[in-house]
Amino acid sequence: MVQTSSFTKTDWQKGYKSLKTEYSYWVNDIEGELPKSLQGTLFRNGPGLLDVNGDRYGHPFDGDGMICGITFTEGKVHFANSFVKTPEFLAEQQAGKILYRGVFGTQKSGGLLQNIFNLKLKNIANTNVIYHGQKLLALWEASRPYRLNPQTLETIGVENFDGNLAAGEVFTAHPKFDPATGDMYAFGVDAGVKSTINLYRVDQKGTLTRFAKEKVEGFCFLHDFAFTPNYSIFAQNPVKFNPLPFVLGFKSAGSCIDLQPNTPTKLLLFDRTGKLTTLETDPCFIFHHANAFEQDGKIILDSICYRDYPKLESGLDFLDVNFDRVIPGQLYRFEIDLATGKVEKSVLQDRSCEFPVVHPDYVGQNYRYCYMGAIANSSGNAPLQAIMKVNVQTGEQQIHSFAPRGFIGEPTFIPRPDGTQEDHGWLVVLVFDAASDRTDIVVLDAANISEPPIATIHLKHHIPFGLHGNFTPEIWHRGK
Ligand code: CO
């Protein structure tokens, strides 16, 4: 059966316009009523600028990090956004042109001679933002975090955790928070022919401890990991990286990656002493893990899997991508038997999806509900236009679609202060509305996401499609 398209490409493309203004205002245009018990600040990160003076970046992942602070207090909402003002960002804005090559597709203008052997990348600080140890940190996996003032969103500078994260070391954009202790677990990869994986724990005072440093065979493209009380779990995608075209200036680093056919994906299981166990499963590519937990001598790992590395066709403008040819991500479950080393893999949900999240208290625990961005149709591929809730125990699903003119990113699960069930909370998601050319902040009841939204907060402007973010119950805003 041929399904009609859920969107038009011109609508979708509008979500990739730069937002050049930095705002700070109380939002007055709200449909519905915000619960008074929804209190705190949702910080989000993503590329705010997709061009410098009209000179476009080759890929949105190369866009400059822009932090949004969305503060819920007393039934009101305050919005502010600010760019992460790294020295490279400021130099580029000053020059009015692209000065650095991007990892994913941006080449400096001037052709081969301008790009050859030019390996200097800028820290774009655009992937995630967390509030931990009383520090607000913008994260990008190829460098160290950038610290910002949570109240004003002003950039403070590189965070080196009291000198424990040296220059040249990197810090993931996907830390995990242990619900039992509140500690943050993180990693950094120095990828090469052999790769070095560093594992970190950052306590609530912000003190960083390195508890493992392990060399593994092969190039490691590790974007995320899964956390359980006793393990940090990585999927080492079977990719090879051919750096020559990147070094020579023909290609971006991201397009030099290829999945090696018939090569298993490795599962790297580090225990809390740093001891590594390596297991194998069928070839696939994973950016994000939904959750993992330990049960009866097994580890259950739920992840969004692609059957190949979903790279952009060479030479193609990302705005012209043909979604029918984009490999869908699907929610899979891996059952890892720790005694036998056997791994069984099954599909939990085949609708194309990304950006999985769970209730923060259920990270590393046996859980029921996963929330994610999904396509509006039940099959095929398209931009994310719907929120999907999957009961991973029964396979039951609920959908809230914003198609045809709404486009979404990662939802955030915010627990209700008085909640007694796993899905007692709110799902907050930014929806780009192509009809109004503006972005809405939509609040859904996580217990029943198919219902009309609890509240739709209309911003005065759009926010370019973003990446990741986190909620803190602390109230930070610079509104009067
Ligand atoms: Co990510």
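For the structure itself, consult the block above.
Remember, predicted model here, so these are calculated numbers, not experimental data. (Residues numbered from 1 in each chain as written. Predicted model: local features only at pLDDT ≥ 70, side-chain atom pairs only at ≥ 80, totals over all residues. Heavy atoms only, no water.)

If you tally the helices and strands in the chain, you get four helices and 35 strands. Compactness check: the chain gives a C-alpha radius of gyration of 21 Å against a globular reference of 23 Å for 480 residues, within 12% of the reference. By residue count, 56% of the 480 residues in the chain fall in the buried class. Here the analysis covers contacts within the chain between residues at least 6 apart in sequence; of these, 60% occur between residues at least 24 apart. Per element, the accessible surface of the chain, about 19700 Å² overall, is 48% carbon and sulfur. Averaging the positions of the 45 positive and the 53 negative side-chain charges in the chain gives two centres separated by 5 Å. (Helix = DSSP H or I, 4+ residues; strand = E, 2+ residues; numbered from the N terminus. Rg over C-alpha atoms; globule rule 2.2 N^0.38 Å. Buried < 20%, exposed > 50% of the residue type's maximum accessible area, 1.4 Å probe, protein only. Contact = heavy atoms within 4.5 Å. Areas by Shrake-Rupley, 256 points an atom, 1.4 Å probe, with all protein chains shown as cover. Lys, Arg positive; Asp, Glu negative; His and termini not counted. Charge placed at Lys NZ, Arg CZ, Asp CG, Glu CD.)

To continue, consider the sheet that holds strand β7 (residues 76–83). Taken in spatial order, the five strands line up as β1-β7-β6-β3-β35 in an open sheet, and their pairing is antiparallel. Lying at the two open borders of the sheet, with one neighbouring strand each, are β1 (24–26) and β35 (469–472). Strand after strand, the sheet turns through a mean of 15° between neighbouring axes, direction not considered. As paired elements, strand β3 (residues 40–49) and strand β6 (residues 64–73) share nine bridges and run antiparallel to each other. Bridge assignment links Gly40 to a residue of β6, and that residue is Phe72. (Pairing = 2+ DSSP bridges. Axes fitted to C-alpha atoms, helices over the stretch in contact; angles between N-to-C directions.)

A few words on the coordination of the cobalt ion. At 2.0 to 2.1 Å from the cobalt ion lie its protein donor atoms, namely His174 (NE2), His223 (NE2), His288 (NE2) and His468 (NE2). Of note is the cobalt ion, whose four donor atoms meet at the metal with angles of 91 to 160° in an arrangement that counts as irregular. (Donors = N, O, S within 2.8 Å, 3.2 Å for Na, K, Ca; no water. Tetrahedral: all angles 85-135°; square planar, octahedral: opposite > 155°, others 65-115°.)

In this section: the sheet that holds strand β16 (residues 226–227). Within the open sheet, the four strands sit side by side as β16-β17-β20-β21. Their pairing is antiparallel. Looking along the sheet, the strands with just one partner apiece sit at the ends: β16 and β21 (276–281). Here six bridges tie strand β17 (residues 231–236) to strand β20 (residues 265–271), and the two strands are oriented antiparallel to one another. What sits directly across from Ile233, in β20, is Leu269.

Pairs may arise between side chains of opposite charge once their charged atoms sit close together. Counted according to the given criterion, the structure contains 16 salt bridges. With its nearest N and O atoms 3.8 Å apart, the salt bridge here joins Arg438 to Asp29. On the criterion of sequence distance, the pair formed by Arg438 in strand β33 (residues 438–445) and Asp29 in the loop between β1 and β2 (30–32) is long-range, its members being 409 residues apart. Between Asp224 and Lys176 there is a salt bridge, and its shortest N-O distance comes to 2.6 Å. Highlighted residues: Asp224 in the loop between β15 (208–217) and β16 and Lys176 in strand β12 (residues 176–177), separated in sequence by 48 residues. (Salt bridge = Lys/Arg side-chain N within 4 Å of Asp/Glu carboxyl O.)

As a further point, take the nonpolar core. Counting residues in each nonpolar core, the largest one holds 40 residues, and the members touching the most others are Ile197, Leu199, Phe221, Phe234, Phe285, Leu331 and Met372. Considering each element in turn, this core owes the most residues, four residues, to strand β22 (residues 285–295). Beyond its immediate chain neighbours, meaning those up to four positions away, Ile197 contacts Gly188, Ala212, Lys213, Glu214, Val216, Cys220, Leu222, Phe234, Leu268 and Phe270. Counting residues in hydrophobic clusters, the runner-up holds 25 residues, among them Tyr25, Leu34, Ile70 and Trp426. (Core = buried A, V, L, I, M, F, W, Y, C linked by side-chain atoms within 4.5 Å.)

Residue Ala403 is joined to Pro404 through a cis peptide bond whose omega torsion reads 5°. Mapped onto the fold, Pro404 is located in the loop between β29 (397–401) and β30 (406–408). Phi at Gln134 is positive, roughly 60°, even though this residue is not glycine. The residue Gln134 is located in the loop between β8 (128–132) and β9 (135–139) in this model. Even without a glycine there, the phi angle at Leu153 is positive, about 65°. You can see Leu153 is positioned in the loop between β10 (146–148) and β11 (155–158).

Before going further, it helps to examine the pairing of β29. Summarising the sheet, strand β28 (residues 386–391) and β29 pair through five bridges and their orientation is antiparallel. Within β29, the position partnered with Lys389 by the bridge is Gln398. As consecutive antiparallel partners, β28 and β29 are separated by five residues, and within that stretch Gly395 has a phi angle of approximately 85°, a positive value.

Here we take up the side chain of Thr196. By secondary structure assignment, the location of Thr196 is in strand β14 (residues 194–202). For Thr196, a relative accessible area of 12% gives the class buried.

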